Amino acid sequence: MSIDKFTTLESTAVPLPIENVDTDQIIPARFLKATTREGFGENLFRDWRFDKKGEPIPQFVLNNPEYRGSILVAGKNFGSGSSREHAAWAIHDYGFKAVVSSFFADIFRNNALNNGLLPVQVSEAFLDRLMDAITGHPENLVRIDLGEQKITLLSTGETEAFDINPYKKECLMNGYDDIDYLMSIRDQIARFEASRI
């Protein structure tokens, strides 16, 4: 499965100022029966977005038409709980390209990176400023530059660097999954194999 190339993203953002969001809240277990990655976005945060009758809950941010964009800004400790890869699938399928938080669960981070979703970990202070800026002004733009490994709030110019595994960075910037990456270096692999004979 190839993924979309990610180099620079400039978008409005959706604030989710809730800490300890676990994977069962991201995509409840009852929706994990599908065998392909498509369609999970419609049940993203299902129990927060809809009531028991299936009606949208107006107070939840994804039901607020003022907030749109490809960046989800979430509270600390995002993606904890079970190791279900479906959580990353649901966020990506909904239309988000990146999630910003001050801490990610390790398994969620890896699942996100493997599925073309960039987890951007920032300091708590920067997250607070970002959350305040987009909550008060939904039109504010955020730029994520993967090459430079920087996130910027364009309304103020505030910037913070973030870390990413160099291998995963290369894969995201080239639109590679693990198989694509191996295919991209097949000549090097062939030369190495030939040198071992």
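These lines cover the structure that appears in this document, whether it is placed above or below.

About the cut-offs
Residues numbered from 1 in each chain as written. Predicted model: local features only at pLDDT ≥ 70, side-chain atom pairs only at ≥ 80, totals over all residues. Heavy atoms only, no water. Salt bridge = Lys/Arg side-chain N within 4 Å of Asp/Glu carboxyl O. Helix = DSSP H or I, 4+ residues; strand = E, 2+ residues; numbered from the N terminus. Buried < 20%, exposed > 50% of the residue type's maximum accessible area, 1.4 Å probe, protein only. Core = buried A, V, L, I, M, F, W, Y, C linked by side-chain atoms within 4.5 Å. Contact = heavy atoms within 4.5 Å. Phe/Tyr/Trp six-rings, centres within 6.5 Å; stacked < 30°, edge-to-face > 60°. Lys NZ or Arg CZ within 6 Å of the ring centre and 35° of its normal. Pairing = 2+ DSSP bridges. Axes fitted to C-alpha atoms, helices over the stretch in contact; angles between N-to-C directions.

Here we look at the pattern of salt bridges
Once the charged atoms of two side chains with opposite charge are near each other, the side chains can pair. All chains considered together, the criterion is met by 6 salt bridges. Two residues, Arg-30 and Asp-47, come together in a salt bridge whose shortest N-O distance is 2.5 Å. You can see Arg-30 sitting in the loop between helix H1 (23–26) and helix H2 (46–49) and its partner Asp-47 sitting in helix H2, a full 17 residues away along the chain. The class of Arg-30 is partly exposed, set by a relative accessible area of 46%.

Things to note about the nonpolar core
Judged by nonpolar contacts, the single largest core of 27 residues is most densely connected at Ile-26, Phe-45, Phe-78, Ile-91 and Phe-108. Put simply, the parts of the chain that give this core at least two residues each are strand E2 (13–16), strand E3 (71–74), helix H3 (86–94) and helix H4 (106–114). No other element matches H3, which puts 5 residues into this core. Those residues in contact with Phe-45 that sit more than four places away from it in its chain are Leu-16, Val-21, Gln-25, Ile-26, Phe-60, Leu-62, Leu-72 and Phe-78. Grouped together as the second largest cluster of nonpolar side chains are 26 residues, Leu-113, Leu-127, Ile-144 and Ile-164 included.

Digging into the packing of aromatic side chains
Summed over all chains, the structure comprises 8 aromatic pairs. Chaining the aromatic ring pairs together yields one cluster made of Phe-45, Trp-48 and Phe-60. Seen from the ring of Phe-50, Arg-46 lies directly overhead, with NZ or CZ sitting 4.5 Å from the centre.

What to know about the sheet that holds strand E4 (residues 98–101)
Reading across the sheet, the 4 strands line up as E2-E3-E4-E5 and stay open at both edges, with parallel pairing between neighbours. In the strand order of this sheet, the two ends are held by E2 and strand E5 (118–121), each with one partner. Taken pair by pair, the neighbouring strands of this sheet meet at an average axis angle of 20°, ignoring direction. Note that E4 and E5 share 4 bridges and pair parallel. Across the sheet, the residue bridging to Val-99 is Pro-119, located in E5.

Take it as geometry only, folks, not as evidence of what the structure does.
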